[in-house]
2 protein chains.
Amino acid sequence: MSSRQDKSDDEALAGARERIDTLDAQIQALIAERAGVALDVARIKTARQRTDFYRPEREADVLRRVAERNEGPLDDATITRLMREVMSACLALESPLKVAYLGPEGTYTQAAVYKHFGHSVRAMPLPAIDEIFREVEAGNADFGVVPVENSTEGVVSHTLDQLVGSSLQICGEVALAVHHHLLSKSVDLTGVKRVVAHAQSLAQCRKWLDRRLPGVVREAVSSNGEAARRVAGENQAAAIAGRAASEFYELPMLASNIEDEPNNTTRFLVLGKQKVPATGDDMTSILVAIRNQPGMLHRLLTPGAEAGVDLTRIESRPSRRQAWDYNFFIDLEGHIDEPRVRQVLDAIESQAAMLKVLGAYPRAVDTSST
Amino acid sequence: MSSRQDKSDDEALAGARERIDTLDAQIQALIAERAGVALDVARIKTARQRTDFYRPEREADVLRRVAERNEGPLDDATITRLMREVMSACLALESPLKVAYLGPEGTYTQAAVYKHFGHSVRAMPLPAIDEIFREVEAGNADFGVVPVENSTEGVVSHTLDQLVGSSLQICGEVALAVHHHLLSKSVDLTGVKRVVAHAQSLAQCRKWLDRRLPGVVREAVSSNGEAARRVAGENQAAAIAGRAASEFYELPMLASNIEDEPNNTTRFLVLGKQKVPATGDDMTSILVAIRNQPGMLHRLLTPGAEAGVDLTRIESRPSRRQAWDYNFFIDLEGHIDEPRVRQVLDAIESQAAMLKVLGAYPRAVDTSST
């Protein structure tokens, strides 16, 4: 009976393999057809001297629909990534995008470039943030990608400072979530006698460790991956590391998202020259310069609160000019073309010495890393 | 007339957009179906306690057929990469591959991992080559990826040394080509008065520069990308850099592949426990220990030459043992299961103190970098 079962299994496997071969040929043919249509689009646009080959709002829209119609078995992040690579490859046929980013190669910013644009771009690492602004302004690059918030450094002030004086628009954002988990073969926290991690991660989870594992020895090693490897064979030790290490070393998560700062996300801005139309799920970033008067900040925030427009982020930076004291960088939910957003901006502007719209752009499609 | 043309263009663009949306939905549906079939395969294999979810020979075969049936407009490297990502995502549903590699993240070895396995693997950077061997031997990783030849360091001796004593098989190879070009807006070589590049690249192209641009000033900067950026606005300067910089800065290639060492390729080995069946285009790597006798090397190479089996590479390393003097690492074209290859190995073995087959594996599908 076992051999009959084996035979039917073999037949099923052979059938599956054939089906996969057929599907591969069909997928390949459709991708080729899609690329052909993209070339048609390029010919028409080129004849009309249009240069808007890459349209962030259209891309965000397409990817959101990919996630919406996804019924598995692949998860949303995976199927979105695959379809983005297909789009990226087709777009490169139309007109290869040039993207300057804060290098060197192998940094998170490079990962953000590929996550946002796919792998078919011409990506160029540059050594400083102002050089990326300059290359995009000069037209040498179509887009630039720079970090704007970094979980280890906080706000990247070079980027904010450059935004003040630049004519570039924010055309998009990319978020890479960075979460720390406590990984251990111990059945519970009381069994953990030692916590191993990179010193930075130990620091980022200090409050959690003080509260939940008081008095437990903390050991700093060269990387969180190394920490996971070390504790993989022990029952009384735990590592602080990410999901990849948990999966790789089959280390259960005793506790997840233990970082003290909950928004432990590295965020990047995509800079370009074009204004991006609304997609229905957008962000608007503005710069507001105000004179320091009592209650000023509150007055700035009131219009948004009254109109139900969420201000998701506000950063103050000392101004370099004389006439006022502070620049505020404010992110609002919604697109500047929406009347309710426009209304809030008008109200803020009436209170401020200066208001500059830095950009309105589709919200990041997903925040998973790589 | 222009407005009528505009209208027909608009209609054509709208039609193309609709067609692309339809194609995207179809591509997505087929990828989902492929993933479903992959899950069926996993269920059958799991029920039969089979663990060969990833079969290098099948994957190489599928990707070669992708390139064979490709009729454009995407180039072979691009369509192969897209289909590899689809395969990688489906395989991860069956059983996510764990791959240990020489870190840190962002190195060429990581690029080799993703190029070979796609992005849906659980990749773990480790700090030393022997740790990668250990993790694969211990079963913590399914595969390991290590550099074996590096254009800047030459042969990676740690990897060869580890191969001597390890039970692991070489299951695959990955090659990333590294080429240097002379990029300049000068119309010809005589117009070039200055060559800018990273010091290492200047050194790697020294003979070519001595011969073709004698007496021309060489200027070392922090990276080849930086060099390209600097000369982009000049007519009498040239940079040494790669294709990406040429495309990004629209700098014509005055001369291509100017590196003195023509095989300027970084090569990586994929290590695992499984023996890989023949695909029809394979390599076999062996280790041969011999006593140093006059003419020994010639006698080793004769059997291959007579049988028409090409020996593509031979590296000698001093042996650490007493009984003989040298270990030779030899790569042959063909698979050990082919009678003519088997015959050559038998003939070599009869001359040697020891012969160890390190692995037989599909030849790298393409050598383009990322």
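Residues numbered from 1 in each chain as written. Chains lettered and ligands numbered in written order. Predicted model: local features only at pLDDT ≥ 70, side-chain atom pairs only at ≥ 80, totals over all residues. Heavy atoms only, no water.

Comments concerning the overall build of chain A
Here comes step 1: When helices and strands are counted, chain A shows twelve helices and 15 strands.
Here comes step 2: Seen through its principal axes, chain A has C-alpha atoms that stretch 85 × 65 × 40 Å.
Here comes step 3: Evaluated residue by residue, chain A yields a buried proportion of 50% over its 370 residues.
Here comes step 4: A total of about 16500 Å² of accessible surface is found on chain A, and carbon and sulfur atoms cover 47% of it. (Helix = DSSP H or I, 4+ residues; strand = E, 2+ residues; numbered from the N terminus. Buried < 20%, exposed > 50% of the residue type's maximum accessible area, 1.4 Å probe, protein only. Areas by Shrake-Rupley, 256 points an atom, 1.4 Å probe, with all protein chains shown as cover.)

What to know about the interface of chain A and chain B
Here comes step 1: Taken together, the 75 residues of chain A in the interface contact 75 residues of chain B.
Here comes step 2: Carbon and sulfur atoms supply 63% of the area that chain A and chain B bury against each other, a total of about 6800 Å² over both sides.
Here comes step 3: On the chain A side of the contact with chain B, Q28, M124 and F248 of chain A bury the most area, a combined 11% of that side's loss.
Here comes step 4: Connecting chain A to chain B are 20 salt bridges.
Here comes step 5: Across the pair R122 of chain A and E247 of chain B runs a salt bridge, and its minimum N-O distance is 3.1 Å.
Here comes step 6: For the side of chain A that touches chain B, the secondary-structure elements that each account for two or more residues are α1 (2–47), α2 (56–69), α3 (76–94), β1 (98–102), β2 (122–126), α5 (129–137), α9 (224–231) and α10 (243–248) of chain A.
Here comes step 7: The biggest single contributor to the side of chain A that touches chain B is α1 of chain A, with 28 residues.
Here comes step 8: The residue inventory of the side of chain A that touches chain B, partitioned by class, reads 36 nonpolar, eleven polar and 28 charged. (Contact = heavy atoms within 4.5 Å. Buried area = accessible area lost by both parts, 1.4 Å probe. Salt bridge = Lys/Arg side-chain N within 4 Å of Asp/Glu carboxyl O. Nonpolar A, V, L, I, M, F, W, Y, C, P; charged D, E, K, R; others polar.)

Let's talk about the domain arrangement of chain A
Residue and element names in this part refer to chain A.
Here comes step 1: What the domain assignment lists for chain A is domain 1 (2–94), domain 2 (97–178), domain 3 (181–255) and domain 4 (275–370).
Here comes step 2: At the interface, 20 residues of domain 2 touch 25 residues of domain 4.
Here comes step 3: At the boundary of domain 2 with domain 4, total buried surface from both sides reaches about 1900 Å², with 55% on carbon and sulfur atoms.
Here comes step 4: On the domain 2 side of the contact with domain 4, V164, I170 and E173 bury the most area, a combined 31% of that side's loss.
Here comes step 5: Our count for the domain 2 to domain 4 interface comes out at one salt bridge.
Here comes step 6: Where domain 2 meets domain 4, there are six residue pairs in polar contact (both at pLDDT 80 or more).
Here comes step 7: At the level of elements, α6 (157–165) and β5 (169–177) are the ones that each hand at least two residues to the side of domain 2 that touches domain 4. (Domains from an automatic or database assignment. Polar contact = N/O pair within 3.5 Å; in protein donor to acceptor, adjacent residues only side chain to side chain.)

Details of unusual backbone geometry
Residue and element names in this part refer to chain A.
Here comes step 1: For the bond running from G72 to P73, omega is 0°, close enough to zero to count as cis.
Here comes step 2: Relative to the assigned elements, P73 resides in the loop between α2 and α3.
Here comes step 3: Positive phi values are uncommon outside glycine, yet N257 reaches one of about 50°.
Here comes step 4: By the secondary structure assignment, N257 is in the loop between β10 (253–255) and β11 (265–272).
Here comes step 5: Using a relative accessible area of 41% as the deciding quantity, one classes N257 as partly exposed.

Considering the relation of the copies chain A and chain B
Here comes step 1: Overlaying chain A on chain B yields an RMSD of 0.1 Å, the required transformation being a rotation through 180° with an accompanying axial translation of 0.0 Å. Such a combination of turn and shift is consistent with a two-fold rotation axis.
Here comes step 2: An overlap of 100% is found between the interface residues of chain A and their copies at the interface of chain B, pointing to a shared contact surface. (Least-squares fit on C-alpha atoms with pLDDT ≥ 70 in both.)

Examining helix α12 (residues 339–351) of chain B
All names here are of chain B.
Here comes step 1: Here α12 contains 13 residues, and its C-alpha end-to-end distance of 19 Å stays within 8% of the 18 Å for a straight helix at 1.5 Å per residue.
Here comes step 2: Within α12, the full set of buried residues consists of V341, V344, L345 and I348. Each buried residue of α12 sits inside an arc of 100° when the element is viewed along its axis, so together they form one side. Looking at α12, the residues exposed on the side facing more than 90 degrees away from the buried face are P339, Q343 and S350.
Here comes step 3: Those residues of α12 hidden inside the fold are in contact with β12 (282–290), α11 (296–307), β14 (326–333) and β15 (354–362). (Expected span 1.5 Å × (residues − 1). Arc of directions from axis to C-beta.)

Digging into the UniProt feature "site: Essential for prephenate dehydratase activity" (unreviewed entry) in chain A
Here comes step 1: Under the UniProt annotation, the feature "site: Essential for prephenate dehydratase activity" (unreviewed entry) is placed at T266 of chain A.
Here comes step 2: Its place among the elements puts T266 of chain A in strand β11. (UniProt positions renumbered as here; feature names shortened; annotations may be inferred.)

Section: the sheet that holds strand β7 (residues 194–198) of chain A
All names here are of chain A.
Here comes step 1: An order of β8-β7-β9-β6-β10 is seen for the five strands of this open sheet, with the pairing classed as mixed. At either end of the open sheet lies a strand with only one pairing partner, and these are β8 (217–221) and β10. The average undirected angle you get between the axes of adjacent strands in this sheet is 35°.
Here comes step 2: With four bridges joining them, strand β6 (residues 181–184) and strand β9 (residues 237–241) adopt antiparallel strand pairing. The residue bridging H181 from the neighbouring strand is A241, located in β9. (Pairing = 2+ DSSP bridges. Axes fitted to C-alpha atoms, helices over the stretch in contact; angles between N-to-C directions.)

Some points on the nonpolar core
Here comes step 1: Ranked by size, the top nonpolar core spans 46 residues in total, and within it I31, L74 and M83 of chain A together with I31, L74 and M83 of chain B carry the most contacts.
Here comes step 2: Beyond its immediate sequence surroundings of up to four residues, I31 of chain B is in contact with I27, L74, I79, L82 and M83 of chain A together with V86 and C90 of chain B. (Core = buried A, V, L, I, M, F, W, Y, C linked by side-chain atoms within 4.5 Å.)

A short note on the packing of helix α3 (residues 76–94) of chain B against helix α4 (residues 108–117) of chain B
Each pair of packed helices can be summarised by the angle the axes make with each other and by the distance between the axes.
Residues and elements named next belong to chain B.
Here comes step 1: For the pair α3 and α4, the least separation of the axes is 8 Å and the interaxial angle reads 85°. Put simply, α3 runs roughly perpendicular to α4. Between α3, through R84, E85 and S88, and α4, the contact on the second element is made entirely by Y114, K115, H116 and F117.
Here comes step 2: Taken together, the residues of the contact of α3 with α4 break down into two nonpolar, two polar and three charged. (Parallel < 35°, antiparallel > 145°, perpendicular 65-115°, else oblique.)

Observations regarding the environment of V148 of chain B
Here comes step 1: For V148 of chain B, the location among the structural elements is in strand β3 (residues 143–150).
Here comes step 2: C-alpha separation for the pair V148 of chain B and P303 of chain B, spaced 155 residues apart in sequence, amounts to 26 Å.

Some details on the pattern of salt bridges
Here comes step 1: Considering all chains together, one arrives at 64 salt bridges over all chains under this definition.
Here comes step 2: Its salt-bridge partner being R65 of chain B, residue D21 of chain A comes within 3.7 Å of it at the nearest N-O pair. Of this pair, D21 of chain A sits in helix α1 while R65 of chain B sits in helix α2 (residues 56–69), placing the two residues on different chains.
Here comes step 3: Taking the shortest distance from any N to any O, the salt bridge between R218 of chain A and D210 of chain A comes out at 2.6 Å.
Here comes step 4: With a relative accessible area of 37%, D210 of chain A lands in the partly exposed category.
Here comes step 5: Salt bridges sharing partners connect three or more residues here, namely E131 of chain A together with R194, E219, E226, R229, R230 and E234 of chain B.

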